[in-house]
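# Coordinates in review
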Amino acid sequence: MIEAALKQSLPLSAQHGAERLNEALRVAVFPGGKRWRPILTLLGTMTAGGGAQSAMPIACAVEFLHTSSLILDDLPAMDDARLRRGRAALHLIYGEGLALLAALALLNQAYALLARAGAGRLIAEAARCIGPDGMIGGQAADLDIRASRGNSHALASRQLKTSALARLTIIAGAIAAGADERDVAALARYGECLGAAYQICDDLLDELGESETIGKNVGQDARHLRSTFTAQFGAEAAQHLASSLLAEGKQALRERFGECRTASLLIEAADMVTGVRCQVSGVRVESPDACADT
């Protein structure tokens with residue numbers, strides 16, 4: 001259902017001469033990924049009492065936002081990465097100009113899909129999560145080498161690259177469904193904790209993983225002289241911090257939603273998303289939950 005919706009929503013151009021742009025969009029959006037983010041969006045929506053089908057355009061918007069951020073992050077002016085999901089970064093295939101345009105087209109389409117959901121608050125929340133105090137601000141902190149070295153405030157700002165979009169991923173459908181504010185707040189806390197833990201696991205992968213296994217360049221943080229939680233505190237301490245963040249996020253769901261089936265699936269998903277990444281790097285994020293072993 002998600003793949004079909006993404007194909008239907010893909011912002012292809014009808015203009016003569018834009019064929020390579022359309023090709024770049026297809027390559028960027030359909031790399032064979034697991035679609036964790038749209039799945040989490042649908043689960044967050046259902047946990048707050050909304051319907052999965054009505055939230056599908058929002059799930060597509062989240063995936064488009066995520067993909068656009070990957071394209072931009074790989075550019076030479078940003079992370080200067082050559083590998084993404086096991087193949088050449090988009091700008092190496094189609095050039096920086098078309099890669100940039102593809103990212104903008106996906107960003108534009110994401111906001112269009114959110115607008116169609118009919119909630120002005122949702123657009124405002126998306127702008128906040130993506131904007132200068134969200135993902136864009138986190139990327140700016142990532143680029144500032146001097147601020148990023150050994151500075152805990154810079155590390156927290158850098159985490160916004162992941163945690164802000166994770167927050168939006170979890171709460172977007174709930175907002176559109178008119179969910180209770182307490183439901184949205186619990187989902188938001190879970191999303192922020194999941195995103196922060198995911199970033200720590202990503203840092204572990206960058207330092208300890210192998211490009212052939214994870215499908216993207218490793219050693220990027222060291223190459224760009226960026227401080228990370230792994231570099232500053234060590235792999236074991238970073239692992240414990242990720243575990244603590246996951247526990248906090250899960251507890252927020254339990255306190256608000258109890259034994260709700262979709263909330264339980266969100267809890268299980270947190271272990272799967274972060275556990276898979278850390279296990280690839282040779283580090284296990286321990287979880288007190290039985291579902292971590294499933």
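Predicted, not measured: the structure shown is a model, and the values here were computed from it.

## What to know about the overall build of the protein chain
Each helix and strand counted, the protein chain has 15 helices and two strands in total. Within the span of the protein chain, comprising 294 residues, buried residues form 53% of the whole. Here the analysis covers contacts within the protein chain between residues at least 6 apart in sequence; of these, 70% occur between residues at least 24 apart. Working note: accessible area of the protein chain is about 13,000 Å², and carbon and sulfur atoms make up 54% of it.

## A few points about a nonpolar patch on the surface
A contiguous nonpolar patch, built from Leu100, Leu101 and Leu104 and spanning about 260 Å² of accessible area, is present on the exposed surface. Along the chain, leucine 104 turns up in helix 5 (residues 90-116). Under the relative-accessibility criterion, leucine 104 is labelled partly exposed at 46%.

## Topic: helix 4 (residues 52-74)
A rise of 1.5 Å per residue sets the reference length of helix 4, with its 23 residues, at 33 Å; its end C-alpha atoms lie 32 Å apart and thus fit the reference within 8%. Where burial is concerned, most of helix 4 is hidden: 18 out of the 23 residues are buried.

## Describing the environment of leucine 122
With respect to the helices and strands, leucine 122 occurs in helix 6 (residues 120-130). Using a relative accessible area of 0% as the deciding quantity, one classes leucine 122 as buried. Remark: the alpha-carbon pair of leucine 122 and isoleucine 171, spanning 49 residues in sequence, is separated by 9.1 Å. Once residues lying within four places of it in the same chain are set aside, the contact partners of leucine 122 are Ile58, Leu114, Ala117, Ala172, Ile175 and Ala176.

## A short note on the environment of threonine 274
Its location among the elements puts threonine 274 in helix 15 (residues 261-280). Judged by relative accessible area, which is 1%, threonine 274 ranks as buried. Residues threonine 274 and alanine 197, 77 residues apart in the sequence, show an inter-C-alpha distance of 7.0 Å. Once residues within four sequence positions are removed from consideration, threonine 274 is found in contact with Leu194, Ala197, Tyr198, Cys201 and Leu246.

## A short note on the packing of helix 1 (residues 2-9) against helix 4
Contact pair helix 1 / helix 4: the axes reach a minimum separation of 10 Å and the direction vectors enclose 75°. Judged on the interaxial angle alone, helix 4 and helix 1 are roughly perpendicular. Packed against helix 1, whose contacting residues are Ile2, Ala5, Leu6 and Ser9, the element helix 4 presents Met56, Cys60, Glu63 and Phe64 at the interface. Per-class residue counts for the contact of helix 1 with helix 4 are six nonpolar, one polar and one charged.

About the cut-offs
- Residues numbered from 1 in each chain as written.
- Predicted model: local features only at pLDDT ≥ 70, side-chain atom pairs only at ≥ 80, totals over all residues.
- Heavy atoms only, no water.
- Helix = DSSP H or I, 4+ residues; strand = E, 2+ residues; numbered from the N terminus.
- Buried < 20%, exposed > 50% of the residue type's maximum accessible area, 1.4 Å probe, protein only.
- Contact = heavy atoms within 4.5 Å.
- Areas by Shrake-Rupley, 256 points an atom, 1.4 Å probe, with all protein chains shown as cover.
- Patch = residues over 30% accessible without salt bridge, like charges linked within 9 Å, V, L, I, M, F, W, Y side chains within 5 Å.
- Salt bridge = Lys/Arg side-chain N within 4 Å of Asp/Glu carboxyl O.
- Expected span 1.5 Å × (residues − 1).
- Axes fitted to C-alpha atoms, helices over the stretch in contact; angles between N-to-C directions.
- Parallel < 35°, antiparallel > 145°, perpendicular 65-115°, else oblique.
- Nonpolar A, V, L, I, M, F, W, Y, C, P; charged D, E, K, R; others polar.

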